[in-house]
Amino acid sequence: MSSFDDHDAFASAVPLSQRAMAGRGAPYLDGLNPAQKEAVETLEGPVLMLAGAGTGKTRALTARIAHLLSTGTARPNEILAVTFTNKAAREMKTRVGRLLGDAGEGMPWLGTFHSICVKLLRRHAELVDLKSNFTILDTDDQLRLFRQLIQAEGIDEKRWPPRMLASIIDGWKNRALRPDAVPVADAGAFDRKGVMLYAAYQDRLKTLNACDFGDLLLHMVTIFQTHDDVLEQYRRYFRFILVDEYQDTNVAQYMWLRLLAGGHKNICCVGDDDQSIYGWRGAEVGNILRFEQDFPGAHTVRLEQNYRSTPHILAAASGVIASNKGRLGKTLWTEEKDGEKVRLIGHWDGEEEARWIGEELEAMGRGTRGLRPVSLDECAILVRASHQLRAFEDRFLTIGLPYRVIGGPRFYERLEIRDAMAYFRLAVSPDDDLAFERIVNTPKRGLGDKAQQKIQIAARSNGVNLLEGARILLASKGLTGKGAAALAELVSGIDRWHAQVRLGGSHIETAEMILDESGYTTFWQNEKTPEAPGRLENLKELVKALENFDNLQGFLEHVSLIMDNESEDTEAKVTLMTLHAAKGLEFPAVFLPGWEDGLFPNQRAMDEQGLKGLEEERRLAYVGITRAEELCTISFAANRRIYGQWQSALPSRFIDELPEEHVDVLTPPGLYGGGFGAAGMAASASPAISGAMGSDMHEKASKADVYNSPGWRRMQSRSAQRSVSQPQETRNMVIDLEAVSAFTEGDRVFHQKFGYGEVTGIEGDKLQISFDKAGPKKVVAKFVVPAASAGDVPF
DNA sequence: ACTCTTCAACTTCAG
DNA sequence: GTTGAAGAGT
């Protein structure tokens, strides 16, 4: 502890004089509001910066770094600044750089939790029985390992899929639980062998000299907990700690931070409890909620002035999030006065919703939506689940509206990238058995299961890696003919590439050589599948991404940097993405479709997590609304096709939580505003019904009209009856039985897709119906309505 | 060893 | 309805 006190003395003695000098006229302080300034200037002790959406969080954070540096309080290498994504790290680097010339480049400890842990772990690997050149497994390798372990245990792979094991173990690692520390209650998972498999997995990783992403954190926590000297060294070294998106930290990250900040307590955490949307990934909102208890004397600063959205949008978002319990509490405000209300609109089905949004986008481009003309670049459609994007892609493809999808499979997770990476890995470290397994028969070399087994046996019986095993196998003539020749060529290739890597020289040329000589490029060139050209394109991008690195090793470590491969074309496009992917972004015009109970809030989240899940969904809604700067449009559909099945749905309960005075209820053009279901019926082209509705067509219905409509009241009373944690099955059964019992044989019914028909039989929750046009069909009862009342029983 | 067919799954996703 | 993975067939 004594060395520690020295450090404290040092920390407070040096900066004081210099801080006085820098106090005035520092350019990075210009234009900061009082709260931001406070967050920037409170350098010592624990600080919690509660930064609401659009309140200039990154600005304050970078200014704080600039302040630490330019007052001489800290040197660049004494600041530990952690983020969750490489993107965030990069942005912070460039913004600090912009404030201070190129000083940002000199901050070696600004990075993601994982990249910083890799750096630390390479230095201290031996303390957890690894060598410093350990490899980091990707998800694919991980699953392969789990599969092997499960098979070795003789567990049924069908009932206990490797993926499930992976997520269980991942969960344990997120909670910083080592195999010996898994609570008894959890330990029985996976056919009672969960913990045992966990331990076996860790053993296997050790022999492979590898670790997974969770281990990076967990190993460092272990080291800090068991080696005081190492911990002390870093406590002295990292004199100031900054954490971005603190609400997203999991237990392991939390422990890591607490250990490091334990001495000087100079830790500044930035976050927003209302934007915690990664609970399913192990994030603990509790970490940020507990900050003041964890760090007594903590200084909490609230950034509440919003620079992004109009007052109506902010009010709508606040209205929704207010229903959550246990918030730290913030009230966003803005100096902005004008602006459109949040728009709300219901549609008959998902296709109509997509069609309408497409038309809106075109109209907004022409400036006919009350706003200035808005470019497609300024518009985004944010959905809860990625499969919802398809409806929009389909629609936009047919009308030729340019769009871009963010997310989807990550660049580095793609097949061809992972294959190429496996080659690179082998060239860097030929003892990487997982990489060897991956590419030994990719492209096809005639080395099938049998040949691979022989290699495995040769390797294991000689206690060497697979490459050496292959060499032994070849020398002993255990393999003959074509396979032997192919394997010999692969082995000599790996040797050659490895030599090339060790020589240094251009790693880009080496990479090209590897892809070329291995036959991998040729393999895709010969492939005539439609995606082959794209894959070749990706490989080219991969090589191009190498330019940013000094060598292959460095590249392999930071492979994820190439994830955001923005295409460079300049055509304006709407952005399509999930709500999760949208966090941290902003757009002048935002569409939030699919606000239906079950979809959003997501049923599974509620079933599995109960109130906790619902609150996270609500935060997601909050994140969605606060992405909008000028115009936010929420919509829902009464019917939606999910997994090929038509399902009717109720508007999301979050819609009820939107404050009425900040919402404009729109009705689809040409439809009667007396209820969404009724409107939909008209749209689905029953001439008799639409005739009966008359010509009373508003562009906008008053909100009261819609909120008082039968359909709406029905939705309200239904959602009021429901308890949050009630499982879906129960609910569906009740509804289905209700639905079935509403019919008897001989009833005339109407189905939105098949039209009119007659009930000829009842089986469980399904009806046998003879349709006038479509013929006999079996249909789930809730999708049909009595023909006579088709107009007023929408749900 | 490769291809075809059947069968189940299916929220969100960074490192 | 669609996709991906595993098993059987050639």
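Predicted, not measured: the structure shown is a model, and the values here were computed from it.

J.: Explanation requested: the overall build of chain A in the structure shown.
T.: From N to C terminus, chain A includes 35 helices and 22 strands. In chain A, which comprises 795 residues, the share counted as buried stands at 54%. Long-range pairs, those at least 24 residues apart, make up 74% of the contacts in chain A with a sequence separation of at least 6. Of the accessible surface of chain A, which amounts to about 34700 Å², a share of 51% is contributed by carbon and sulfur atoms.

J.: What am I meant to see in the protein's contact with DNA strand C here?
T.: All residues adjacent to DNA strand C are Arg147, Arg390, Arg641, Tyr643 and Gly644. Take the atoms of DNA strand C that sit within 4 Å of the protein: sugar and phosphate atoms are 42% of them. Arginine 147 places a polar side-chain atom, nitrogen or oxygen, 3.4 Å from a phosphate oxygen of DNA strand C. Of the residues belonging to the surface near DNA strand C, the class tally is 1 nonpolar, 1 polar and 3 charged.

J.: Could you clarify how one ought to interpret the layout of surface pockets in this entry?
T.: Any space left empty among the atoms is revealed by the rolling of a water-sized probe across them. Approximately 510 Å³ is the volume found for the second largest pocket. Lining the second largest pocket are 21 residues; nearest its centre among them are Glu351, His387, Arg390, Ala391 and Arg641. Looking at the lining of the second largest pocket, the elements that each hand over two or more residues are α17 (350-365), α18 (389-399) and β15 (628-642). Top contributing element to the lining of the second largest pocket by residue count: α18, with 6 residues.

J.: How should the packing of helix α4 (residues 57-70) against helix α5 (residues 86-99) be read in this particular structure?
T.: Between two packed helices, what matters for the description is the angle formed by their axes and the separation of those axes. At their nearest, the axes of α4 and α5 sit 9 Å apart, and the two run at 55° to each other. One element, α4, and the other, α5, form an angle in the oblique class. Viewed along their axes, α4 and α5 form a crossing whose handedness is right-handed. Residues Thr58, Arg59, Leu61, Thr62, Ala63, Ile65 and Ala66 of α4 form the contact with α5, whose participating residues are Glu91, Met92, Arg95, Val96 and Leu99. Of the residues assigned to the contact of α4 with α5, the class counts are 7 nonpolar, 2 polar and 3 charged.

J.: Whenever I open this one, the sheet that holds strand β2 (residues 79-83) confuses me. Can you help?
T.: Within a sheet, adjacent strands bond to each other through the backbone by hydrogen bonds, running parallel or antiparallel. Taken in spatial order, the 6 strands line up as β4-β2-β7-β8-β1-β9 in an open sheet, and their pairing is parallel. This sheet does not close on itself; its edge strands, each paired only once, are β4 (110-112) and β9 (299-303). Averaged over all pairs of adjacent strands, the angle between their axes in this sheet comes to 15°, without regard to strand direction. Each of β1 (47-51) and β9 touches helix α3 (residues 34-41); the most contacted strand, β9, lies at about 145° to it.

J.: Is there a simple way to explain the pairing of strand β11 (residues 379-383) in this structure?
T.: Look at any regular strand and the pattern is simple: side chains alternate between the two faces of the sheet. Where burial is concerned, most of β11 is hidden: 5 out of the 5 residues are buried. For β11 and strand β14 (residues 587-592), the ladder comprises 3 bridges, and the chain directions are parallel. Within β14, the residue paired with alanine 380 across the bridge is valine 590. As paired strands, β11 and strand β13 (residues 574-578) are joined by 4 bridges and run parallel to one another. What sits directly across from leucine 382, in β13, is methionine 577.

J.: Could you clarify how one ought to interpret empty space enclosed by the protein in this entry?
T.: Using the criterion set out here, one finds 5 cavities of 30 Å³ or more in the structure. As a volume, the second largest cavity reaches approximately 60 Å³. Around the second largest cavity, the lining residues are Asn133, Phe134, Thr135, Leu208, Asn209, Ser429, Asp431 and Asp432. Its residues assigned to classes, the lining of the second largest cavity shows 2 nonpolar, 4 polar and 2 charged.

J.: Even after reading the chapter, I still don't get helix α19 (residues 415-428), so can you show me in this structure?
T.: Structural remark: α-helix, 3.6 residues per turn; residues separated by three or four positions point the same way. For α19, built from 14 residues, the straight-helix expectation of 20 Å at 1.5 Å per residue is met to within 8% by its first-to-last C-alpha distance of 20 Å. Taken across its 14 residues, α19 has 13 buried, putting it largely inside the fold.

J.: Please clarify how the packing of aromatic side chains should be interpreted in this entry.
T.: Think of a pair of aromatic rings as described by two things: how far the centres are apart, and how the planes are tilted against each other in angle. Taken as a whole, this structure holds 23 aromatic pairs when the rule is applied. Here the aromatic rings of phenylalanine 600 and phenylalanine 654 are separated by 5.3 Å at their centres, their planes lie at 75°, and the arrangement is edge-to-face. With a gap of 54 residues between them, phenylalanine 600 in the loop between β14 and α29 (603-625) and phenylalanine 654 in helix α30 (residues 653-656) connect regions that are remote in the sequence. Take phenylalanine 600: its relative accessible area is 1%, and that puts it in the buried class. Above the face of the phenylalanine 134 ring, arginine 122 is positioned so that its terminal group lies 4.1 Å from the ring centre. Across from the ring centre of tryptophan 280, 5.9 Å away, lies the NZ or CZ of arginine 281, which sits over that ring.

J.: Help me understand the pattern of salt bridges, please; the structure alone is not making it clear to me.
T.: Where side chains of opposite charge bring their charged atoms close, a pairing between them can arise. This structure, assessed with the given rule, holds 35 salt bridges. For arginine 471, the salt bridge is made with glutamate 468, and the minimal N-O distance between the two is 3.2 Å. With arginine 471 and glutamate 468 both in helix α22 (residues 466-475) and 3 residues apart, this pair spans about one turn of that helix. Given a relative accessible area of 29%, arginine 471 falls into the partly exposed group.

J.: Sorry if this is basic, but what is going on with the side chain of glutamate 360 here?
T.: The residue glutamate 360 is located in helix α17 in this model. Judged by relative accessible area, which is 3%, glutamate 360 ranks as buried. For glutamate 360, the side chain forms a polar contact with the side chain of arginine 343, separated by 2.9 Å.

J.: Is there a simple way to think about the nonpolar core in this case?
T.: Across soluble globular proteins, nonpolar side chains show a tendency to be buried alongside one another. With 69 residues, the main nonpolar core has Phe224 and Trp256 as its most contacted residues. Among residues more than four places away in sequence, those in contact with tryptophan 256 are Leu80, Val82, Phe113, Ile116, Cys117, Leu120, Leu217, Met220, Val221 and Phe224. One finds Val428, Ile439, Trp524 and Leu542 within the second-largest nonpolar core, a separate group that totals 47 residues.

J.: What should I look at first to understand the UniProt feature "binding site: ATP" (unreviewed entry) in chain A in this one?
T.: Per the UniProt annotation, the sites labelled "binding site: ATP" (unreviewed entry) are Ala51, Gly52, Ala53, Gly54, Thr55, Gly56, Lys57 and Thr58. You can see threonine 55 is positioned in the loop between β1 and α4. Each residue touching threonine 55, except ones within four places of it in the same chain, is listed here: Gln36, Leu303, Glu304, Gln305, Asn306, Tyr307 and Leu332. In this structure, glycine 56 sits in the loop between β1 and α4. In this view, glycine 56 contacts Gln36, Leu303 and Tyr307; residues no more than four positions away in its chain are not counted.

J.: Is there a simple way to explain the side chain of threonine 73 in this structure?
T.: Turning to its location among the elements, threonine 73 is positioned in the loop between α4 and β2. For threonine 73, a relative accessible area of 1% puts it in the buried group. Within the structure, the side chain of threonine 73 is placed 2.5 Å from the side chain of threonine 71, a separation counted as a polar contact.

J.: Help me out: how do you make sense of the environment of tyrosine 643 in this one?
T.: Its location among the elements puts tyrosine 643 in the loop between β15 and β16 (645-648). For tyrosine 643, a relative accessible area of 76% translates into the label exposed.

J.: Would you take a moment to explain helix α7 (residues 139-153) for this structure?
T.: An ideal rise of 1.5 Å per residue puts 21 Å on 15 residues; α7 measures up with 21 Å between its terminal C-alpha atoms. Among the residues making up α7, those that are buried are Asp141, Gln142, Leu143, Leu145, Phe146, Leu149 and Ile150. Contact partners of the buried residues in α7: α8 (162-174), α10 (194-208), α19 and α20 (433-439). Positioned one or two residues after α7, glycine 154 has a phi angle of 70°, which is positive.

J.: What am I meant to see in the packing of α22 against helix α23 (residues 481-503) here?
T.: Viewed as axis vectors pointing N to C, α22 and α23 meet at an angle of 135°, and their least axial separation amounts to 10 Å. One finds that α22 runs oblique with respect to α23. Remark: the crossing between α22 and α23 carries left-handed chirality. The residues of α23 that touch α22, namely those facing Leu467, Ala470, Arg471, Leu473 and Leu474, are Ala484, Leu487, Ala488, Val491, Ile494 and Asp495. Taken together, the residues of the contact of α22 with α23 sort by class into 9 nonpolar, no polar and 2 charged.

Rules used throughout
- Residues numbered from 1 in each chain as written.
- Chains lettered and ligands numbered in written order.
- Predicted model: local features only at pLDDT ≥ 70, side-chain atom pairs only at ≥ 80, totals over all residues.
- Heavy atoms only, no water.
- Helix = DSSP H or I, 4+ residues; strand = E, 2+ residues; numbered from the N terminus.
- Buried < 20%, exposed > 50% of the residue type's maximum accessible area, 1.4 Å probe, protein only.
- Contact = heavy atoms within 4.5 Å.
- Areas by Shrake-Rupley, 256 points an atom, 1.4 Å probe, with all protein chains shown as cover.
- Near = heavy atom within 4 Å.
- Polar contact = N/O pair within 3.5 Å; in protein donor to acceptor, adjacent residues only side chain to side chain.
- Nonpolar A, V, L, I, M, F, W, Y, C, P; charged D, E, K, R; others polar.
- 1 Å grid on protein atoms, 1.4 Å probe; cavity = no way out; pocket = protein on both sides within 12 Å on 5 of 7 lines; lining within 4 Å.
- Points joined across faces, edges and corners; volume = space filled by probe spheres on them.
- Axes fitted to C-alpha atoms, helices over the stretch in contact; angles between N-to-C directions.
- Parallel < 35°, antiparallel > 145°, perpendicular 65-115°, else oblique.
- Left-handed = near helix turned anticlockwise from the far one by under 90°.
- Pairing = 2+ DSSP bridges.
- Expected span 1.5 Å × (residues − 1).
- Phe/Tyr/Trp six-rings, centres within 6.5 Å; stacked < 30°, edge-to-face > 60°.
- Lys NZ or Arg CZ within 6 Å of the ring centre and 35° of its normal.
- Salt bridge = Lys/Arg side-chain N within 4 Å of Asp/Glu carboxyl O.
- Core = buried A, V, L, I, M, F, W, Y, C linked by side-chain atoms within 4.5 Å.
- UniProt positions renumbered as here; feature names shortened; annotations may be inferred.

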